[in-house]
Amino acid sequence: MIHAYSLIHDDLPAMDDDDLRRGQPTCHKKFGEAAAILAGDALQALAFELLAENYPAATGAACCLELARAAGAAGMVGGQADDLAWEQAEESSSKGRTLEGLDSCTPAKRGR
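Residues numbered from 1 in each chain as written. Predicted model: local features only at pLDDT ≥ 70, side-chain atom pairs only at ≥ 80, totals over all residues. Heavy atoms only, no water.

Caption draft 1: Quick look at helix H3 (residues 33-54). Compared with an ideal rise of 1.5 Å per residue, which puts 22 residues at 32 Å, H3 spans 32 Å between its outermost C-alpha atoms and is within 8% of the ideal. Every buried residue of H3 is accounted for by Ala-36, Gly-40, Ala-47 and Leu-51. Looking straight down H3, one finds that the buried residues subtend no more than 50° of arc, so they occupy a single side. Residues of H3 that are exposed and point over 90 degrees away from its buried face: Ala-34, Leu-38, Glu-53 and Asn-54. (Helix = DSSP H or I, 4+ residues; strand = E, 2+ residues; numbered from the N terminus. Expected span 1.5 Å × (residues − 1). Buried < 20%, exposed > 50% of the residue type's maximum accessible area, 1.4 Å probe, protein only. Arc of directions from axis to C-beta.)

In structure tokens form, the structure reads like this:
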């Protein structure tokens with residue numbers, strides 16, 4: 001669910017602005033941008049809901065904490081922010097686009 005949510009949001013016009021994913025129209029192209037945002041948000045919330053409802057309290061809480069850390073600012077969302085900053089970096093700036101800079105975004109975007 002988190003992976004699906006991240007792909008929906010990554011395809012949005014404000015992010016990578018992709019029209020196709022695996023040969024099919026992206027969510028925002030097929031259903032509209034607002035519906036895509038809400039679908040991604042719902043998938044993220046559902047992931048936490050399922051962990052909280054289907055495991056003993058201590059296990060569910062530990063899983064929710066781990067998921068929040070991996071998906072949040074220190075993980076996937078932070079990696080996406082780094083990726084956007086890398087894309088917007090000007091070639092001539094002292095922090096211009098480098099392969100090393102792009103590579104540093106990838107693990108975080110995967111929640112690692």
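Caption draft 2: Expanded view of a nonpolar patch on the surface. A surface patch of nonpolar side chains, about 220 Å² in accessible area, is lined by Met-1, Leu-46 and Leu-50. Residue position: Met-1 is located in the segment before helix H1 (2-11). Its relative accessible area of 42% is what places Met-1 among the partly exposed residues. (Patch = residues over 30% accessible without salt bridge, like charges linked within 9 Å, V, L, I, M, F, W, Y side chains within 5 Å. Areas by Shrake-Rupley, 256 points an atom, 1.4 Å probe, with all protein chains shown as cover. Salt bridge = Lys/Arg side-chain N within 4 Å of Asp/Glu carboxyl O.)

Caption draft 3: Structural context of the pattern of salt bridges. One pass over the structure, following the stated rule, counts three salt bridges. Residue Arg-21 pairs with Asp-10 through a salt bridge whose shortest N-O separation is 4.0 Å. Remark: Asp-10 occurs in helix H1 and Arg-21 occurs in strand E1 (residues 20-21); sequence separation between them is eleven residues. Looking at Arg-21, the relative accessible area reads 28%, which means it is partly exposed. Arg-21 is the salt-bridge partner of Asp-11, the closest N and O atoms lying 2.7 Å from each other. Of this pair, Asp-11 sits in helix H1 while Arg-21 sits in strand E1, placing them ten residues apart in sequence. Each of the salt bridges in this network shares a partner with another, and the network as a whole consists of Asp-10, Asp-11 and Arg-21.

Caption draft 4: Representation of the nonpolar core. Ile-2, Tyr-5, Ala-47, Leu-51, Cys-64, Leu-67, Ala-71 and Met-76 form the largest nonpolar core, which has eight residues in total. Secondary structure elements with two or more residues in this core: H1, H3 and helix H4 (57-71). For this core, the leading source of residues is H4, giving three residues. In contact with Ile-2, not counting residues within four places along its chain, are Gln-44, Ala-47, Leu-67, Ala-71 and Met-76. (Core = buried A, V, L, I, M, F, W, Y, C linked by side-chain atoms within 4.5 Å. Contact = heavy atoms within 4.5 Å.)

Caption draft 5: Representation of H4 in the model. When the terminal C-alpha atoms of H4 are compared, their 21 Å separation across 15 residues agrees well with the 21 Å that a helix rising 1.5 Å per residue should span. Taken residue by residue, H4 has Gly-60, Cys-64, Leu-67 and Ala-71 as its buried positions. Seen end-on, H4 carries its buried residues on one side only, within an arc spanning 70°. Turned more than 90 degrees off the buried face of H4, the exposed positions are Ala-58, Glu-66 and Arg-69. Buried residues belonging to H4 abut H1, H3 and helix H5 (76-88).

Caption draft 6: Molecular detail of the environment of His-3. With respect to the helices, strands and loops of the structure, His-3 is situated in helix H1. Overall, the relative accessible area of 52% leaves His-3 in the exposed class. In this structure the C-alpha to C-alpha distance between His-3 and Met-76, which are 73 residues apart in sequence, comes to 9.8 Å.

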